[in-house]
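Geometric and topological summary
This is what each chain is made of:
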Amino acid sequence: MSSGAPRIGFVSLGCPKATVDSEQVITQLRAEGYDIVPDYDADMIIINTCGFIDAAVEESLDSIGEAMRENGRVVVTGCLGTRADMIRDQYPDLLAVTGPQARDEVMHAVHQHLPAPHDPFVDLVPPQGVRLTPRHYAYLKISEGCNHRCSFCIIPSLRGDLVSRPIDDVMEEAQTLVDAGIREILVISQDTSAYGVDLRYPIRFWRGQPLQTRFVDLAQALGQLGVWVRLHYVYPYPHVDDVIPLMADGAILPYLDIPFQHASPKILKAMKRPGNRERVLERIAAWREICPDLAIRSTFIVGFPGETDRDFEQLLEFLEQAQLDRVGCFTYSAVDGAAANDLPDPVPDTIKQERFDRFMRCQQAISEKRLAARIGRRLQVLVESASEQGFVARSYADAPEIDGLVHIDTCEALVIGDFCEVEITGSDEYDLYGSPVR
């Protein structure tokens, strides 16, 4: 990159879907000759915001304020950008405010306020684009938006209804990632198992193969690439059963990220969420019968309006019966614009916190027991980084940044981004410990 290239500082907040949006903007910026820098010493700052919950809104506004103080030339994009009037009330001197999935609008603002001549001799962009993740894994976004109308969520108002990408387009991107050396593909969307429903499942061709644009066909095709494939944000529709044999056969990772959110029928109805507790438990048992190594991650909300002690006890009973491997929990937080704000019987903050603490103690014991069962096993792990004791890695059961880790006690030099076989020698509430198999 030539020393005279305009410099743009980029701040990316929010979920992996927002990360992919950021990667698309940064790739376009690099393709046009802009230099991306990790600080405020730049000609312009772009902030990709999150607006899902109050804490995310606060973080986004704080980031905007810091960028305005440190630099003053700021473009705001992302989910919070849908509330442009609120943002401009606080920061009227912003160069531009756009919503999510707005690469073209962001680039228009950049061109207007910081034009740069294109130089094909120095504007080098790798075929896989610019990624914000480490070299060995990447997010693959297969759709935008969501058709559900969960009462606590405003994603459809931020990102719209479900819009699936053509399956051949998705597979070409996946193949490009693999060709570039990616070892793990993390499939993301707002509702991964609904993939293709908006397009009515058309058949497209990828490298001579006819593929129907639907969840199961996509999983089968990704399983041919010879890398780890991890499925996130999967609603438990009946056809999810069809991907479990692929996991048992080793085509894709035996890992499902399913946001159950609650187990009380009353609260699920108030949330406008699908789900029958007994049926879910039956399906989890059936999945594990086919694929005993299946790791299930989920998220839950405690303290939802109207949640009684009995509702919460039903949730704890579900945890004990389901024996989920990885679980996240949030106390209910009102989100501006969410239908749940109008529900009666709010739960006091002190009770929310008490329930959160009980929930986490319950799940911690479950996690500790399930991890202890892996002691003595050999697992393939993906090496993430060096540590004082050796290296840190992830197993098939560990998504980056949200799940546990495998701590490898070794003096030998392992290669970050490579696979390694490890014998598990210990565990705690969330992590595993092991040594390389020689």
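Structure: above.
Residues numbered from 1 in each chain as written. Predicted model: local features only at pLDDT ≥ 70, side-chain atom pairs only at ≥ 80, totals over all residues. Heavy atoms only, no water.

1. As for the sheet that holds strand β4 (residues 74-78)
Adjacent strands of a sheet pair through backbone hydrogen bonds, lying either parallel or antiparallel. Let me state the cut-off plainly: Any two strands are treated as partners once DSSP identifies two or more bridges connecting them. For helices the rule is a DSSP run of H or I covering at least 4 residues; for strands it is a run of E covering at least 2, with both sets numbered from the N terminus onward. Here a residue-residue contact requires only that any non-hydrogen atoms of the pair lie within 4.5 Å. The convention used is that axes are lines fitted to C-alpha atoms, helices contributing only their stretch in contact, and that angles between N-to-C directions extend from 0 to 180 degrees.
Strands sit in the order β2-β1-β3-β4-β5 across an open sheet of 5 strands; the sheet is parallel. With partners counted over all chains shown, the strands left at the sheet margins are β2 (35-37) and β5 (96-97), one partner each. Taken together, the 5 bridges between strand β1 (residues 7-12) and strand β3 (residues 44-49) define a ladder with parallel strand orientation. Paired with G9 across the bridge in β3 is I45. Docked against the sheet, helix α1 (residues 16-31) engages β1, β2 and β3, running at close to 170 degrees with respect to β1.

2. What about the packing of helix α11 (residues 309-322) against helix α12 (residues 349-372)?
To keep it simple, the criterion reads: In what follows, roughly perpendicular refers to angles from 65 to 115 degrees, roughly parallel to angles under 35, roughly antiparallel to angles over 145, and oblique to any angle outside these ranges. Crossings are sorted by hand: turned counterclockwise from the far helix by less than a right angle, the near helix makes the crossing left-handed, and turned clockwise it makes it right-handed. Three categories are distinguished: nonpolar for Ala, Val, Leu, Ile, Met, Phe, Trp, Tyr, Cys and Pro, charged for Asp, Glu, Lys and Arg, and polar for the others, with Gly belonging to the last.
Relative orientation of the contacting elements α11 and α12 amounts to 15 degrees, with a least axis distance of 10 Å. It follows from the interaxial angle that α11 and α12 lie roughly parallel. The element α11 and its partner α12 pack so that their crossing is right-handed. Of α12, the residues touching α11 (which contributes D309, F312, E313, L315, L316, L319 and E320) are R355, R358, F359, C362, Q363 and I366. Looking at the contact of α11 with α12 residue by residue, the classes come out as 7 nonpolar, 1 polar and 5 charged.

3. Section: unusual backbone geometry
Non-glycine residue Q101 carries a positive phi angle of around 50 degrees. The residue Q101 is located in the loop between β5 and α4 (103-113) in this model. Backbone geometry at Q323 places phi at a positive 50 degrees, although glycine is not the residue there. Note that Q323 resides in the loop between α11 and β15 (326-331).

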